[in-house]
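Residue-level listing of the chains:
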Amino acid sequence: MFQIIQRFTWRDGLFSLKSFAAAMLALFIAFRLNLSQPSWSITTVYVVSQPLAGMVLAKSLYRVFGTVIGALMSLVFVALFSNTPELFCLALAIWIGICTSVSVYLRDAPQAYGGVLAGYSAAIIGLPAALTPNLAFDFAVARCLEITLGIACGTLLHHVVFPRRAGDALRKALHATLPNMARWAEDALHGQQAEAKGLADRQKIIASVVSLDSLRVFGALDTPAIRAIDDVIRLFEGKLLSLLAMLVSAYDRLALLHRDQPAAARELQPLAERTAAHIAASADAATPEQSLEETSGETALLAEIEARLPSPEALRSDSDAFLQRSFLLRLRDVLALWHEAVWLRTHITAGIHPPRTAAAPSLRPYRDIVFAILVGTISLLTILAASAFWIFTAWPNGPTAVTYAGIICAIMGARDDPAAAAAGFLKMSVVGALIGGVYLLVVLPPLSTFPALMVALAPFYLVCGLFLSAAVPAVMPVIFVVGGLTSISNTMAYDFSAFLNDYLSYVVGIGIGGLALRLLRPLGTEWVVRRLTSGVLRDLGRTASSAVPETRTAFESRMFDRINALLMRLNPMVDWHRAVMQGGFAGLRVGLNILALRRDRIELPSVVTATVDRALVALAEHFERAARNRRGASPLPLLEAARNSVLALDVSPVFTRTAESLYGIETTLRQHPGFFGLDVPPQSTPSVEPVIA
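The structure presented is a predicted model; accordingly, all values stated were derived computationally and were not measured.

> I would appreciate a short explanation of the packing of aromatic side chains in the present structure.
Aromatic ring pairs are defined here through the distance separating the ring centres and the angle between the ring planes. Considering all chains together, one arrives at 14 aromatic pairs under this definition. Aromatic side chains phenylalanine 322 and tyrosine 663 sit 4.7 Å apart centroid to centroid with 15° between the ring planes, which places their arrangement in the stacked category. Here phenylalanine 322, found in helix α16 (residues 320-350), pairs with tyrosine 663, found in helix α28 (residues 653-671); they are 341 residues apart in sequence, far enough to count as distant. What makes phenylalanine 322 buried here is its relative accessible area of 2%.

> What exactly am I supposed to notice about the pattern of salt bridges here?
Two side chains carrying opposite charge are able to pair once their charged atoms lie near each other. Here the structure, examined in full by the defined rule, presents 31 salt bridges. A salt bridge links arginine 216 to aspartate 230, with the shortest nitrogen-to-oxygen separation between them at 2.6 Å. You can see arginine 216 sitting in helix α9 (residues 195-222) and its partner aspartate 230 sitting in helix α11 (residues 230-260), a full 14 residues away along the chain. Overall, aspartate 230 belongs to the buried group, its relative accessible area being 17%. Two residues, glutamate 306 and arginine 332, come together in a salt bridge whose shortest N-O distance is 2.7 Å. Placement of the pair is glutamate 306 in helix α14 (residues 296-308) and arginine 332 in helix α16, with a sequence separation of 26 residues. By relative accessible area, which is 39% here, glutamate 306 ends up partly exposed. Given the relative accessible area of 29%, arginine 332 is considered partly exposed.

> It is not clear to me how unusual backbone geometry should be interpreted in this structure. Could you clarify?
The phi angle of most residues is negative, glycine excepted, and most peptide bonds adopt the trans form. Even without a glycine there, the phi angle at alanine 471 is positive, about 60°. Mapped onto the secondary structure, alanine 471 falls in the loop between α20 (450-469) and α21 (475-486). The backbone of serine 487 shows a phi angle near 45°, a positive value even though the residue is not glycine. By the secondary structure assignment, serine 487 is in the loop between α21 and α22 (496-520). When its relative accessible area of 28% is taken as the criterion, serine 487 is described as partly exposed.

> Would you mind going over the nonpolar core with me for this structure?
Core analysis: the biggest nonpolar cluster contains 122 residues, and Met181, Leu243, Trp338, Leu619, Phe623, Leu669 and Phe676 have the highest contact counts within it. When residues no more than four places from it in sequence are discounted, the contact partners of tryptophan 338 are Leu178, Met181, Ala182, Leu243, Ile279, Ser282 and Ala283. One finds Val47, Ile479, Val482 and Ile510 within the second-largest nonpolar core, a separate group that totals 63 residues.

> Explanation requested: the layout of surface pockets in the structure shown.
The method is simple in principle: a probe with the dimensions of a water molecule rolls over the atoms, and the space it marks as empty is what remains. Here the second largest pocket defines a volume of roughly 980 Å³. Lining the second largest pocket are 41 residues, and of these Arg330, Asp333, Arg552, Leu592 and Ala596 lie nearest its centre. Elements represented by at least two residues in the lining of the second largest pocket include exactly α11, α16, α24 (552-569), α25 (575-600) and α28. Within the lining of the second largest pocket, the residues separate by chemical class into 14 nonpolar, 13 polar and 14 charged.

Rules used throughout
Residues numbered from 1 in each chain as written. Predicted model: local features only at pLDDT ≥ 70, side-chain atom pairs only at ≥ 80, totals over all residues. Heavy atoms only, no water. Phe/Tyr/Trp six-rings, centres within 6.5 Å; stacked < 30°, edge-to-face > 60°. Helix = DSSP H or I, 4+ residues; strand = E, 2+ residues; numbered from the N terminus. Buried < 20%, exposed > 50% of the residue type's maximum accessible area, 1.4 Å probe, protein only. Salt bridge = Lys/Arg side-chain N within 4 Å of Asp/Glu carboxyl O. Core = buried A, V, L, I, M, F, W, Y, C linked by side-chain atoms within 4.5 Å. Contact = heavy atoms within 4.5 Å. 1 Å grid on protein atoms, 1.4 Å probe; cavity = no way out; pocket = protein on both sides within 12 Å on 5 of 7 lines; lining within 4 Å. Points joined across faces, edges and corners; volume = space filled by probe spheres on them. Nonpolar A, V, L, I, M, F, W, Y, C, P; charged D, E, K, R; others polar.

Set out below in structure tokens:
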């Protein structure tokens, strides 16, 4: 706690002041409109408040959307089932389960927030409305107004008063990405990274590249200049993903050379170091003209790479030449992609569209439909259990318990350990109950004017705003509980028994949600890691079997998204964690080779095409089995047979590329048999030792 306080800056203070001002503005307007529960407006302000203006706007838009959809569905349920509470609860449970599934499926996309809100807004509005069906419409309108009022005030203050724009944050991130990548490439290609440190550094680079797309979405909302060059930024993101894939591939091939062909590695090491030096020197190009300048050193470097490439004839006589050729080709690809990335970055910095660019690629994050359905089903069963408790006990506060059970499942269900997160929410609710009790029973009763109320609320909400700005998740349960228990309105009731019953309903609802998550989803981080690795293998299986190959950028973006999720959960200092991390990168290389193989197979003679197709079918079937943790026939013999068939043909660039792709797939599978579900003797994982140039 003390460390968090030490990190507070003036920006955190400004954020807290803006959030409090927005909350008080919303409260004042709600009082003037004589809304029944103005406290919802305060809570909503803090729910939508985010450090960046674009994030506030995105969250606000989808909160409005989700609230309206939830309100409409609650009215439908009340109209159909108000006289049969069992059917009403069943319909509500199904709806919340569907909305939770949608939210979990969309993951970090801004639209996911609309799914969460559409679900538990139906409970917040529908359950009380079902008890008084003749007032259901008025109740729904009041809740929507209170929530929309909080959204409007929060968005207004964060956009107008000293806004921190996502567009500015995006520009800084874009400017820093290439230099950071250059530093990592320099360390990696110089052989100055231990294995664990190399994986940790990769995680940082990948996380920064993957996060750019979210910043781009938010920046387009609050910065018109970013919106004008949105397609250029997406093109730049695609180049970064391809560049990152090539850098990782070059690093891994250098490691293999040092292990298997040390003499060749020593000869090629200076080329790797010169490539790293060129990358570092050109990372800060300021204008498009500067980025296009080709130095004599770069020209000489490219010429030497071409000169050292083993010939296609050498590949037929010495299989070791494949690894050397692959490393040199990756260096050449790195130089070309780096040149394009720097060129695009300079245009983004200048805010102009570059001439003659390809269409912006479509980035595709990974989705897990099975996991989404699982979490949605748990939410459905939890609502049914909480509703049964309410109906059988006839507890007047039962609807609140049902609502909080749904909220817990909706916002915690997708976490690695949702039961622990629910327990943390419950613990912080105790803090909120103590603070809310002091406010309701001691601080608020003597107050009779709005300025006095503002002064009384300021200490609590200003402190909460500071912690919210510092991204401390534990503060939101406190805000929720204090807002709900004080229930500030024009007609206050200072009743201890009502206060106690309200808090008990929170505890019961949170407890039912946490217990359901503990019983129905007892699996933690290791299970999530297995789901992610299975997803990698299924992706490879689909790539191998697809009649129409997807774009390289779509594959890379989804694969890097999964790899980023893996790296966030794994520790490179733990052996099996490190093996999984390396396997994820190996899956990326295998997939890229499969895409290249599918691109080139159409130019092969029919006899060889049939051999390559058999190898692809074997790969697809193997990856599907491995994703289910099943064993079967190894695809390695068919890969080797296909490579030999291609090498038996006359020399041709297409035939050479095909042989290289087959060799790359085969070598990578042998290198990581455990990850890919192969029963072959494991090879030691290479690591690049420091090299004295």
